[in-house]
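Geometric and topological summary
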Amino acid sequence: MFFVDTIELEGLGNRSYLAGGEWAAVAVDPPRDIDQVMAAAARRGVRISHVVETHIHNDYVTGGLELARITGATYLVPAGARVAFARTAVADGDTVDIDTGLTLTAVATPGHTPHHTSYVLSEAGRPVAAFTGGSLLIGTVGRPDLVESRLTEQLARAQHASAHRLADALPDETEVLPTHGFGSFCSSAQADGDATTIGKEKTANPALTVDVDTFVADLLAGLEDVPAYYTHMGPANAGGPAPVDLTTPAVADPDEIAARLAAGEWVVDLRNRIAFAEGHVAGSFNFEADGKPATYLAWMIPWGKPVTLLAESTGQLAVAQRELVRVGIDRPAAAATGGPTDWLRDNESAASFPRSTFAKLAGQDKDRIVVLDVRRDSERAGGWIEGSVHIPIHEMHRRVDEVPDGTVWVHCAGGMRAGIAASLLDAAGRDVVAVDDGFDAATKAGLTIVIG
């Protein structure tokens with residue numbers, strides 16, 4: 001009897017898998033922090049005999065090379081992927097035995113990348129699961145614009161063809177197990193649901209329900225900005241990622257924190273946005289550990305700039321470190337735990353700013369304040385507050401100077417990104433109010449919403 005264990009990477013919106021039988025298993029698209037994959041194998045009492053990549057990832061650093069090295073597993077990478085390390089190249093139709101009666105077959109599914117490969121797991125010759133990586137996702141497909149802009153339309157058409165190839169070749173009951181689609185910006189849209197099969201996708205996935213021209217036009221029209229750090233992920237994966245170091249960083253005392261801020265380095269407070277607004281080290285930025293610190297911090301920080309992490313506890317710090325190594329931010333320059341009283345020098349006071357709601361925003365004199373919307377373009381297209389200024393959150397660190405004079409009431413869709421933006425504005429010396437509220441409350445509050 002086969003098994004498939006899912007390893008959730010919620011911060012990145014991805015999944016990895018461990019699949020196998022009684023004695024051996026294969027790890028599919030493993031994360032950089034491989035200890036959790038090894039722990040899953042230990043719980044099952046199986047040996048990891050193979051490690052496979054569906055493609056050279058653009059949104060995270062893989063742990064595949066290191067996992068194969070430590071376990072002695074055969075490392076399977078699509079033959080079309082140009083890499084600088086030893087691996088077993090796999091081509092369309094190649095098959096390997098995983099366990100008794102359990103085989104894995106490579107299926108060329110270009111589209112997300114030119115070399116993208118899916119893997120079909122079969123038990124006694126019957127397909128039971130398809131590891132589709134960034135090809136066929138739940139209700140959508142992986143985005144085709146991450147490799148080369150001149151190839152985007154060609155790859156979009158390839159996505160349509162690859163989806164049909166899988167749908168035509170596999171039984172309807174075959175599980176579809178993608179890597180992307182659960183919040184990852186590698187997905188062209190987000191998953192509608194938690195599980196799916198080939199049969200379900202035939203009725204719900206645009207790649208399988210509309211003609212290729214309509215599919216491509218809609219797919220390309222819906223693509224959003226690519227996180228800036230993606231530029232660094234492909235080369236890191238092709239070059240062969242180094243092992244991770246998750247040991248506790250050097251401890252920063254208040255003098256060092258102040259010195260790093262004065263040097264223009266990033267000091268990142270991982271506490272929740274409520275605690276940060278109530279009191280923080282002036283000049284620090286707030287990226288909540290419970291939000292998506294890997295995605296937004298990696299997207300916004302100048303690549304390679306030293307970062308010091310401030311956390312409530314060693315546990316919170318450890319979780320953040322794990323998230324960050326997945327996107328290539330390997331070692332914080334320093335770290336500290338506790339709260340502002342532990343991080344401030346004796347002559348310093350904590351900085352703060354107010355939080356509010358859309359109802360209170362509606363009562364403000366709009367001529368005396370600035371309303372700043374930091375949602376993505378696609379979100380704003382669905383409606384925005386009349387007279388508001390728009391700067392997407394991932395552009396805020398470069399465009400703070402563009403925010404008009406006045407007290408800034410900053411909002412997003414739910415509050416988390418508004419907290420990030422408020423911290424950037426506060427660090428820049430602006431008077432800011434973080435609107436910590438759901439955007440649907442804006443209409444209920446009587447604010448005029450423009451759609452167009």
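The text that follows walks through the structure, step by step, so that each part is easy to find. This structure is a prediction, so every number in the text was calculated from the model and none was measured.

1. What to know about the sheet that holds strand S19 (residues 389-390)
Strand-to-strand pairing in sheets goes through backbone hydrogen bonds, with the strands running parallel or antiparallel. The strand order across the open sheet built from 5 strands is S16-S21-S20-S17-S19, with neighbouring strands paired in parallel fashion. Looking at strand neighbours, the two that pair on one side only are strand S16 (355-356) and S19, the edges of this open sheet. Across 5 bridges, the pairing between strand S17 (residues 369-373) and strand S20 (residues 407-411) is parallel. Across the sheet, the residue bridging to Leu 372 is Val 410, located in S20. Contacts from helix H16 (residues 416-427) reach S17, S20 and strand S21 (432-435), with the element oriented near 175° to S21.

2. Points about the nonpolar core
Residues Trp 266, Phe 287, Leu 372 and Met 396 are the most contacted members of the largest nonpolar core, which totals 53 residues. Ignoring sequence-local partners within four residues, the contact set of Leu 372 consists of Val 389, Ile 391, Met 396, Val 403, Val 408, Trp 409, Val 410, His 411 and Leu 425. Ala 27, Ile 34, Ala 68 and Ala 81 belong to the second-largest nonpolar core, a separate cluster that totals 20 residues.

3. Some remarks on the pattern of salt bridges
If you walk through the whole model with that rule in mind, you get 31 salt bridges. The shortest N-O distance in the salt bridge between Arg 376 and Glu 224 comes to 3.0 Å. Linking Arg 376 in the loop between S17 and helix H14 (377-381) with Glu 224 in the loop between helix H6 (212-221) and helix H7 (230-239), this pair joins segments that are 152 residues apart in sequence. Classification of Glu 224 by relative accessible area gives partly exposed; the value is 26%. Here Asp 436 and Arg 355 are joined by a salt bridge, their closest N and O atoms 3.0 Å apart. Within this pair, whereas Asp 436 is found in the loop between S21 and helix H17 (440-444), its partner Arg 355 is found in strand S16, the two being separated by 81 residues in sequence. Classification of Arg 355 as partly exposed rests on a relative accessible area of 37%. Salt bridges sharing partners connect three or more residues here, namely Asp 33, Asp 35, Arg 322, Glu 323 and Arg 326.

4. Examining unusual backbone geometry
Despite not being glycine, Asp 29 shows a phi value in the positive range, around 50°. Looking at Asp 29, the relative accessible area reads 0%, which means it is buried. The phi angle at Ala 124 is positive, at roughly 55°, despite the residue not being glycine. Here Ala 124 shows up in the loop between strand S9 (117-123) and strand S10 (126-133). Since its relative accessible area comes to 74%, Ala 124 is described here as exposed.

5. Here's the deal with the packing of helix H3 (residues 152-169) against H6
At their nearest, the axes of H3 and H6 sit 9 Å apart, and the two run at 125° to each other. Looking at the two axes, H3 sits oblique to H6. Both H3 and H6 take part in a crossing whose hand is right-handed. Along its contact with H3, which presents Thr 152, Glu 153, Ala 156, Arg 157, Gln 159 and His 160, the element H6 presents Val 212, Asp 213, Phe 215, Val 216, Leu 219 and Leu 220. Looking at the contact of H3 with H6 residue by residue, the classes come out as 6 nonpolar, 3 polar and 3 charged.

Criteria and thresholds
- Residue positions within a chain follow its written sequence, with the count starting from 1.
- Two thresholds apply to this predicted model, a pLDDT of at least 70 for residue-level local features and 80 or more for giving and counting side-chain atom pairs, whereas whole-chain, interface and lining totals are computed over all residues.
- Heavy atoms from the whole structure form the basis of all side-chain values; hydrogens and water molecules are not counted.
- For two strands to be treated as a pair, DSSP must find no fewer than two bridges joining them.
- In this description a helix means any DSSP run of H or I spanning at least four residues, a strand means any run of E spanning at least two, and both kinds are numbered starting from the N terminus.
- Working rule for contacts: check all heavy atoms of both residues, and any pair within 4.5 Å makes them a contact.
- Axis definition: a line fitted to C-alpha atoms, over the contacting stretch in the case of helices. Angles run 0 to 180 degrees between N-to-C directions.
- Grouping buried Ala, Val, Leu, Ile, Met, Phe, Trp, Tyr and Cys residues that are joined through side-chain atoms within 4.5 Å yields what is termed a nonpolar core.
- In this scheme, a residue with accessible area under 20% of its type's maximum is buried, one over 50% is exposed, and one in between is partly exposed, where area comes from a 1.4 Å probe on protein chains only.
- By salt bridge we mean one thing: a side-chain nitrogen of Lys or Arg within 4 Å of a carboxyl oxygen of Asp or Glu.
- Every angle not falling under 35 degrees, over 145, or within 65 to 115 is termed oblique; those three ranges are roughly parallel, roughly antiparallel and roughly perpendicular.
- For any pair of crossing helices, the crossing counts as left-handed if the nearer helix is rotated counterclockwise from the farther one by less than a right angle, and right-handed if it is rotated clockwise.
- Each residue is assigned to one class: nonpolar for Ala, Val, Leu, Ile, Met, Phe, Trp, Tyr, Cys and Pro, charged for Asp, Glu, Lys and Arg, and polar for all the others, Gly among them.

Taken by themselves, the reported measurements are silent on function.
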